Amino acid sequence: MTRTVSTASPPTPVAKRDRTPGRRSRRLRPDGSSWRQHPLRRLTPWLFLLAPLALLVTFTYVPVGNMLYYSFTDWDGVSPERNFIGADNYTEVFTRPEMFRVFAVSLYYLAASVVQIVIALYFATVLSFDLRFRNLFKGILFFPYLINGVAIGFVFLYFFQDGGTLDSVLSWFGVENDHAWLGSPESANTSLAGVSVWRFTGLNFVLFLGAIQSIPGELYEAAQLDGASRWEQFKHIIAPSIRPVLSLSVILAISGSLSVFEIPYIMTDGATGTSTFVIQTVKFAFQFNKTGLASACAVVLLAIILLITWIQRRLVPDEKVDLV
């Protein structure tokens, strides 16, 4: 049998593709340059940021700039004429003692903020462990924060009125009370601060719960193997890890107590010694038509909040927490 010998040339070897990890083939443009060096490549992140930056400037920085400008004028909020009067509005703010006397009311809300943080931290710690119906309790705690502040004001206005819900509940337990809950400054401010506790505890609870759930589970397992109790786990694991979130909650508590508005405005309109700095500012602008003076009050309040926040950040700086 005759064997046929093939005279065809051997196939040309195909170049192997570079499979080195971490290397990618660069797409070259016709001129030989890489796409990474193209000017549009550098503009791409700014194109994505264009819309949010435009909204931020339009609805934040431009109004703040206008507020600064109005604070140096005698504008009444209606007339097109805005006469420049220099620092007269700021002089009036700092020379009227009743303007800063209302900050004493903020102490009630500051104390209420401490109660909020304590309650929220307790429930966030308890509900971070495996318990029955914990999702139900999470929803119950966070639900008040979802309700509109105006609706909350009207609900608790009927709750605290004479012969209202609170008096009816107390009568079930044999407590006869003819005290007007919103009739005196001490009682009214305490009642309003209690409403703020009910409303804003859910916000702090969610912040603490998210921080606690981000802690690695291996730390709890190691602590349990070492025989650590729940209190020791909180003291040595949970508390150090949520320190940045706790600092944020304190900043929000201080700024919120200084700028309280919705609840006292809806429930008492600032009467019986419940007026706050923001309520006075709103009355200057819309009741007495002194928008320039109200703008100066707003600038002063903003400066106070920024100063307190800066002092707090200097006294308690954020430290990187590394528990693993």
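Look a little higher up for the structure.
Residues numbered from 1 in each chain as written. Predicted model: local features only at pLDDT ≥ 70, side-chain atom pairs only at ≥ 80, totals over all residues. Heavy atoms only, no water.

As a further point, take the side chain of Gln116. Following the sequence through the fold, Gln116 ends up in helix H4 (residues 103–127). Overall, Gln116 belongs to the buried group, its relative accessible area being 6%. Excluding residues within four positions of it along the chain, Gln116 makes contact with Ser196, Val197, Phe200, Thr201 and Asn204. (Helix = DSSP H or I, 4+ residues; strand = E, 2+ residues; numbered from the N terminus. Buried < 20%, exposed > 50% of the residue type's maximum accessible area, 1.4 Å probe, protein only. Contact = heavy atoms within 4.5 Å.)

Judged by nonpolar contacts, the single largest core of 21 residues is most densely connected at Phe205, Tyr220 and Ile238. Those elements giving two or more residues to this core turn out to be H4, helix H8 (185–213), helix H9 (217–225) and helix H10 (230–241). Not counting residues up to four positions away in its chain, the partners in contact with Ile238 are Thr125, Ile212, Ile215, Tyr220 and Gln233. The next biggest cluster of nonpolar side chains, apart from the first, holds 19 residues, and it includes Phe103, Leu258, Phe277 and Ala285. (Core = buried A, V, L, I, M, F, W, Y, C linked by side-chain atoms within 4.5 Å.)

Structurally, Pro216 can be placed in the loop between H8 and H9. Judged by relative accessible area, Pro216 falls into the partly exposed class, the value being 31%. For the pair Pro216 and Ile237, spaced 21 residues apart in sequence, the C-alpha to C-alpha distance is 9.9 Å.

The final tally for this structure, using the stated rule, is 19 aromatic pairs. For the pair Phe103 and Phe277, a centre-to-centre distance of 4.9 Å together with 15 degrees between the ring planes defines the contact as stacked. Pair noted here: Phe103 is in helix H4 and Phe277 is in helix H13 (residues 277–286), with a separation of 174 residues, a long-range link. With respect to burial, Phe103 and Phe277 carry one shared label: buried. Taken together, the ring pairs connect Phe94, Phe100, Phe103 and Phe277 into an aromatic cluster. When the ring centre of Phe129 is taken as origin, the NZ or CZ atom of Arg230, which lies over that ring, is 3.9 Å away. (Phe/Tyr/Trp six-rings, centres within 6.5 Å; stacked < 30°, edge-to-face > 60°. Lys NZ or Arg CZ within 6 Å of the ring centre and 35° of its normal.)

Once that is clear, we can look at the pattern of salt bridges. Evaluated as defined, the whole model comprises three salt bridges. Between Glu92 and Arg96 there is a salt bridge, and its shortest N-O distance comes to 3.0 Å. Relative accessible area serves as the criterion here: at 26%, Glu92 is assigned to the partly exposed category. Arg96 is paired through a salt bridge with Glu98; the nearest N and O atoms lie 2.9 Å apart. Through salt bridges with shared partners, one network takes in Glu92, Arg96 and Glu98. (Salt bridge = Lys/Arg side-chain N within 4 Å of Asp/Glu carboxyl O.)

What follows is about a nonpolar patch on the surface. Among the surface-exposed residues, Leu43, Trp46, Leu47, Leu49, Leu53, Leu56, Val57, Tyr61 and Val62 lie close enough to one another that they form a single nonpolar patch of about 880 Å² accessible area. Along the chain, Tyr61 turns up in helix H1 (residues 39–70). Judged by relative accessible area, Tyr61 falls into the exposed class, the value being 53%. (Patch = residues over 30% accessible without salt bridge, like charges linked within 9 Å, V, L, I, M, F, W, Y side chains within 5 Å. Areas by Shrake-Rupley, 256 points an atom, 1.4 Å probe, with all protein chains shown as cover.)

Without other data, these values stay purely geometric and don't point to any function.
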